[in-house]
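# Residue-level structure breakdown
Here is what each chain is made of, one letter per residue.
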Amino acid sequence: METTNPYGETKAMSERILKDTAKANEDFGVSLLRYFNPVGAHESGLIGEDPNGIPNNLMPFITKVGKGELDKLYIFGNDYDTVDGTGVRDYIHVVDLAEGHVAALENLNPGINIYNLGTGKGTSVLEMVDAFKKVNKVDVPYEIVQRRKGDIAKSFADVSKAEKDLKWKAKRGIEEMVRDAWRFENS
Ligand code: UDP
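Structural notes, computed from the coordinates.

So, how was this worked out
- Residues numbered from 1 in each chain as written.
- Predicted model: local features only at pLDDT ≥ 70, side-chain atom pairs only at ≥ 80, totals over all residues.
- Heavy atoms only, no water.
- Core = buried A, V, L, I, M, F, W, Y, C linked by side-chain atoms within 4.5 Å.
- Buried < 20%, exposed > 50% of the residue type's maximum accessible area, 1.4 Å probe, protein only.
- Helix = DSSP H or I, 4+ residues; strand = E, 2+ residues; numbered from the N terminus.
- Contact = heavy atoms within 4.5 Å.
- Near = heavy atom within 4 Å.
- Polar contact = N/O pair within 3.5 Å; in protein donor to acceptor, adjacent residues only side chain to side chain.
- Areas by Shrake-Rupley, 256 points an atom, 1.4 Å probe, with all protein chains shown as cover.
- Axes fitted to C-alpha atoms, helices over the stretch in contact; angles between N-to-C directions.
- Parallel < 35°, antiparallel > 145°, perpendicular 65-115°, else oblique.
- Left-handed = near helix turned anticlockwise from the far one by under 90°.
- Nonpolar A, V, L, I, M, F, W, Y, C, P; charged D, E, K, R; others polar.
- Salt bridge = Lys/Arg side-chain N within 4 Å of Asp/Glu carboxyl O.

Right, let's talk about the nonpolar core for a bit. Of all hydrophobic cores here, the largest spans 23 residues; its most connected members are Met59, Ile62, Leu73, Met128 and Phe132. Taken together, the elements giving at least two residues each to this core come down to helix 2 (58-67), strand 3 (73-76), helix 4 (125-136) and helix 6 (174-185). Per element, the largest residue contribution to this core is 6 residues, and it comes from helix 4. Aside from chain neighbours lying at most four places away, what touches leucine 73 is Leu58, Phe61, Ile62, Val65, Val125, Val129, Val140, Pro141, Tyr142 and Glu143. In this structure, Tyr115, Leu166, Trp168 and Ala170 belong to the second largest nonpolar core, which totals 10 residues.

A few words now on the site of the ligand. Close to the ligand lie 15 residues; Leu58, Tyr74, Arg89, Arg148 and Asp151 are nearest. In the model, an oxygen atom of the ligand is placed 2.6 Å from a nitrogen or oxygen of the arginine 89 side chain. Between aspartate 151 and the ligand, the recorded distance is 2.6 Å, taken from a side-chain N or O atom to an oxygen atom. Summarising the interface, the protein chains cover 86% of the accessible area of the ligand, which totals 510 Å² for the free molecule. Elements represented by at least two residues in the shell around the ligand include exactly helix 2 and strand 3.

Right, let's talk about the environment of aspartate 180 for a bit. Considering the arrangement of structural elements, one finds aspartate 180 in helix 6. Between the C-alpha atoms of aspartate 180 and histidine 93, which are 87 residues apart in sequence, the distance is 8.9 Å. Apart from residues no more than four positions distant in its own chain, aspartate 180 is found in contact with Ala41, Glu43 and His93. Among the polar contacts made by the side chain of aspartate 180, one reaches the side chain of arginine 179 at a distance of 3.0 Å. There is a polar contact of 3.1 Å between the side chain of aspartate 180 and the side chain of arginine 183.

What follows deals with the packing of helix 2 against helix 6. Close contact between helix 2 and helix 6 brings their axes to 10 Å; oriented N to C, the two are set at 55°. By the angle class used here, helix 2 and helix 6 are oblique. Regarding helix 2 and helix 6, the two cross each other, and that crossing is right-handed. Contacts between helix 2 and helix 6 involve Met59, Thr63, Lys64, Gly66 and Lys67 from the first element and Met177, Val178, Ala181, Trp182 and Glu185 from the second. Of the residues that constitute the contact of helix 2 with helix 6, the class distribution is 5 nonpolar, 2 polar and 3 charged.

Positive phi values are uncommon outside glycine, yet lysine 137 reaches one of about 50°. Along the chain, the position of lysine 137 falls in the loop between helix 4 and strand 8 (142-145). Although it is not a glycine, lysine 167 sits at a positive phi angle of roughly 50°. As for its position among the elements, lysine 167 is in the loop between helix 5 (160-166) and helix 6. Accessibility expressed as a relative area gives 65% for lysine 167, which makes it exposed.

Moving on, we get to the pattern of salt bridges. Taken as a whole, this structure holds 16 salt bridges when the rule is applied. Two residues, glutamate 185 and lysine 64, come together in a salt bridge whose shortest N-O distance is 3.2 Å. Of the two residues, glutamate 185 sits in helix 6 while lysine 64 sits in helix 2, which places them 121 residues apart along the sequence. On the accessibility criterion, lysine 64 (10% relative accessible area) is buried. Arginine 172 is the partner of aspartate 96 in a salt bridge, and the nearest nitrogen-oxygen pair spans 2.7 Å. Residue aspartate 96 is found in helix 3 (residues 94-106), and its partner arginine 172 is found in the loop between helix 5 and helix 6; the two are separated by 76 residues along the sequence. For the residue pair aspartate 96 and arginine 172, the accessibility class agrees, reading buried in each case. Salt bridges linked by common partners bring Glu43, Asp96, Glu99, Lys171 and Arg172 together as one network.

Written as structure tokens, this is what we have:
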């Protein structure tokens, strides 16, 4: 499998270990879950993500800017071949992702199965910023800067196998993601 950065390589390596384990042990069922971009928080506002220091990922960075803890968001490039030039990703609500795990355990088949857990839908950085501002009624100043090394233009999932085999589908959209991320940040 081709990877584009060391982080990706850690995932590929873990998959190889699990595949070898399943090959060596016929009783083993292995489901490899490939996460796309998990964001948001539990609807209660009680469980969420609070990274230490300056966040690396888009959503926690936006929430810190929304709160005024960081001055502005730096958007890494607007010259990609995408809808508005900014990077496109398949964001998935973290509760949908959790439900995907339960579905994977309930529908565990023998051998090795690989499932993409995403929504199948791409959202650009600017679309995410706009949704956050609109839903949460908060300003998110930003500046366009250089591309980030190692980033690709777009990434989104083909979720057909997960939907078919796991009888699972992501139910929550971008509005729920930005609403719940903001609720957690303020609770
Ligand atoms: N991004 C950005 N500014 C940031 C963080 C991320 O413009 O401060 C962009 C990044 O270039 C990518 C998208 O937001 O197009 C998602 O990045 P993230 O790091 O959240 O996830 P990745 O897809 O890189 O794992």
